[in-house]
Structures are given as C-alpha cells and as structure tokens.
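Given next are the chains, with one letter for each unit.
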Amino acid sequence: MNIQMTTITPRMANHFLGENNCNRKLNKRHVKFLADQISNNKWAANGQTIVMAEDGTLMDGQHRLHAIIESNRTVNILLCTGAKKADMSTIDNGKSRTSYDVLTMSGYTNNRLLASSLAQLYRFDHANLARDGGAATPMPNGLVEAAVEQIDQRVGLDWLVKTAMQISRNTQLNSTHVFSALHLLVVKYGKETVEDFADKLNSGGDYKKSPTSAIPKILARNIASGRKTHRAYIFAMVMVGFERWMRGNEMSVYRNSSVVLDINRFYKTYNTKINW
C-alpha cells in the first residue's frame, strides 16, 4: 500500500470515479458543500485520503472527487493505492457510514428495508424497542454483514424480504415491522407455520374475524382516523395477531396501550438468535 500527496485534476477525478462501483449513494448536498469549500479556497489538506483498492476500485473519496469536478479546480490531496478491497466497510471519510451504506457496498439489494429491519431487531434484542421516542443506541456497522448472513442461514433472506414487501403492498403494513416480526416468529415456530400465516395475511384472512383479516382493517381504521400510535405498534400487532391466529382466536381491535406491555412480554419469550 502506498500513500503520497497527489495533485488531482477534474479529469483525474473523473477517471477515478469510473471505478466507483461499490460506494454508497451520492449525497449531492455534501458534494456542493465540498465544492464550495474548494472554490472559496477553504479546502484544507487535513490528512484525509482518496483510497483505491489493489484492483483500482474506488474505496473512499467519491464526494471529494465529485467536488473537484463540480468546482473545476485542481486539488492537492493524499492518494492511497493498493488497499485491500475487503476492508472497505471499515472506512469512514468523515460522513458517517450507515448500515444502508455498508449493505450497498457489500452488494445487497433492498437495503433500506434491510437496514431498518436490522436496527429494529437490534433494539429488540437489547430491550430497547418498547421505548417510544428518544435516540436508541445505534447498531455498530461492524455487525451488519454478519447479522444479515445469520438471518439468511436461519430464516432465508430472499423469502423474508419478498414476503415483507408483498404483505406491505397488500395491506399497507410497514415492511420493516413485518420483516422483524416474521423473523422472530420463524425462529420460534418454524418457517412452515409462519409461511401459512403470511399467505393468509396476504390473501385477506382465513376465517371470520381472523387476525389475518383483522390486522389490515385495524391499520386502515387508524390511518383513516389519523390516530397516532407507538412507533412499534405494527410490529406488536403482527406478533399478537400471529399468537391469536395460532390459537384460532378472533381479533377485532389492537389497542395502542397494549404495545409496551406486549413488547416487554416478547422480550421474555422471543429471541432473534443473532449474535450481535
């Protein structure tokens, strides 16, 4: 690996960006800020580097390179070449990477759903999901890929994503909450039973006042009335609905006041089985 101060022209920046196939989504506002810094002679050589992998892949610095192009100015900056591509998820260029960024760089799809679901499952295992409001302890980026691999091995990532998104389209249930609930349910009850529940939820129910038909109706009433609910309301309702469905019970309402009590109960009876 080699690091040296390099004069990077807009043309060189464009060339480096041609190998930008693994980075996070570009933040145009951040690019504009950096371009303004360059144009107004406020750019400082503060030791941050443009990082290129051994195979030429751009690992870090896309926002700075885009800013060089936008400002149409030449900039002296440290250039690191020959870095290991496998270490890309550990890089932080001053704008904190998110779980979504890490998943994107690792080649996953449906990353907004994955990132938000991982965060919810992390909060659940750390008994922090019942809190309604306030900042939750974020999941460290170093845990992201391993967590996704464990979900895939134990539950089946493709099935979980596809099912959560399909249920969301058909019922308006938030896909993140559905994803998280289905994961926990499969871990405890097995995939076959949960698949049956998901199919019934998608098709509009399987018996009179079944939870699989009631859950979408309850949500629709809440939306129509503009009623504000706990941030984990849908998650809790799906979990409770499944438990009632397993017993063959009816369901017609799910009260917001029940969410915290139910989630605190879930903490004692469910576990994601993810090694955080």
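Summary of the structure given here. This is a predicted model, so every value here is computed, not measured.

Quick word on the overall build of the chain
Right, so step 1: The number of helices and strands found in the chain is twelve helices and four strands.
Right, so step 2: Taken against the 2.2 N^0.38 rule, which gives 19 Å for 276 residues, the C-alpha radius of gyration of the chain at 23 Å runs more than 25% over that of a compact globule.
Right, so step 3: If you line up the chain on its principal axes, its C-alpha atoms span 70 × 40 × 30 Å.
Right, so step 4: For the chain, contacts bridging at least 24 residues in sequence account for 76% of all contacts bridging at least 6.
Right, so step 5: Per element, the accessible surface of the chain, about 14000 Å² overall, is 46% carbon and sulfur.
Right, so step 6: Counting 35 positive and 23 negative side-chain charges, the chain places the averaged centre of each group 9 Å from the other.

Considering unusual backbone geometry
Right, so step 1: Residues other than glycine seldom take positive phi values, yet asparagine 72 does so here, at roughly 55 degrees.
Right, so step 2: Mapped onto the elements, asparagine 72 comes out in the loop between helix H3 (62–71) and strand E4 (75–83).
Right, so step 3: With phi around 70 degrees, glutamine 172 is a residue other than glycine that occupies positive phi space.
Right, so step 4: Within the secondary structure, glutamine 172 is located in the loop between helix H7 (157–171) and helix H8 (175–189).

Structural notes on the pairing of E4
Right, so step 1: Where strand E1 (residues 2–8) and E4 come together, seven bridges link them in antiparallel fashion. Directly across from asparagine 2, in E4, lies its bridge partner threonine 81.
Right, so step 2: For strand E2 (residues 49–53) and E4, the ladder comprises four bridges, and the chain directions are parallel. Directly across from alanine 53, in E4, lies its bridge partner alanine 83.

Overview of the packing of helix H5 (residues 111–125) against H8
Right, so step 1: Across the interface, H5 lies against H8 with an axial gap of 9 Å and an inter-helix angle of 55 degrees. With respect to H8, the axis of H5 lies oblique. The two elements H5 and H8 meet at a crossing, and its hand is right-handed. Within the contact between the two elements, H5 uses Leu113, Leu114, Ser116, Ser117, Gln120, Leu121 and Phe124 and H8 uses Ser175, Thr176, His177, Phe179, Ser180, His183 and Leu184.

Looking at the packing of aromatic side chains
Right, so step 1: A full pass over the atoms with the stated rule returns eleven aromatic pairs.
Right, so step 2: Taking the centre distance of 5.2 Å and the plane angle of 85 degrees together, the rings of tyrosine 122 and tryptophan 276 count as edge-to-face. Remark: tryptophan 276 occurs in the segment after helix H12 (259–269) and tyrosine 122 occurs in helix H5; sequence separation between them is 154 residues.
Right, so step 3: With a relative accessible area of 9%, tyrosine 122 lands in the buried category.
Right, so step 4: Centre to centre, the rings of tyrosine 233 and tyrosine 254 are 5.4 Å apart; their planes meet at 55 degrees, and the pair counts as tilted.

Let's talk about the side chain of threonine 6
Right, so step 1: Along the chain, the position of threonine 6 falls in strand E1.
Right, so step 2: Excluding residues that lie within four positions of it along the chain, threonine 6 makes contacts with Met12, Val75, Asn76, Ile77 and Leu79.

What to know about the pattern of salt bridges
Right, so step 1: In total, this model carries five salt bridges according to the counting rule given.
Right, so step 2: Across the pair arginine 64 and aspartate 60 runs a salt bridge whose closest N-O atoms are separated by 3.4 Å.
Right, so step 3: By relative accessible area, aspartate 60 is classed as buried at 4%.
Right, so step 4: For glutamate 243, the salt bridge goes to arginine 265, with nearest N and O atoms at 3.0 Å. Residue glutamate 243 is located in helix H11 (residues 233–247), and its partner arginine 265 is located in helix H12; the two are separated by 22 residues in the primary sequence.

The rules behind these values
Residues numbered from 1 in each chain as written. Predicted model: local features only at pLDDT ≥ 70, side-chain atom pairs only at ≥ 80, totals over all residues. Heavy atoms only, no water. Helix = DSSP H or I, 4+ residues; strand = E, 2+ residues; numbered from the N terminus. Rg over C-alpha atoms; globule rule 2.2 N^0.38 Å. Contact = heavy atoms within 4.5 Å. Areas by Shrake-Rupley, 256 points an atom, 1.4 Å probe, with all protein chains shown as cover. Lys, Arg positive; Asp, Glu negative; His and termini not counted. Charge placed at Lys NZ, Arg CZ, Asp CG, Glu CD. Pairing = 2+ DSSP bridges. Axes fitted to C-alpha atoms, helices over the stretch in contact; angles between N-to-C directions. Parallel < 35°, antiparallel > 145°, perpendicular 65-115°, else oblique. Left-handed = near helix turned anticlockwise from the far one by under 90°. Phe/Tyr/Trp six-rings, centres within 6.5 Å; stacked < 30°, edge-to-face > 60°. Buried < 20%, exposed > 50% of the residue type's maximum accessible area, 1.4 Å probe, protein only. Salt bridge = Lys/Arg side-chain N within 4 Å of Asp/Glu carboxyl O.

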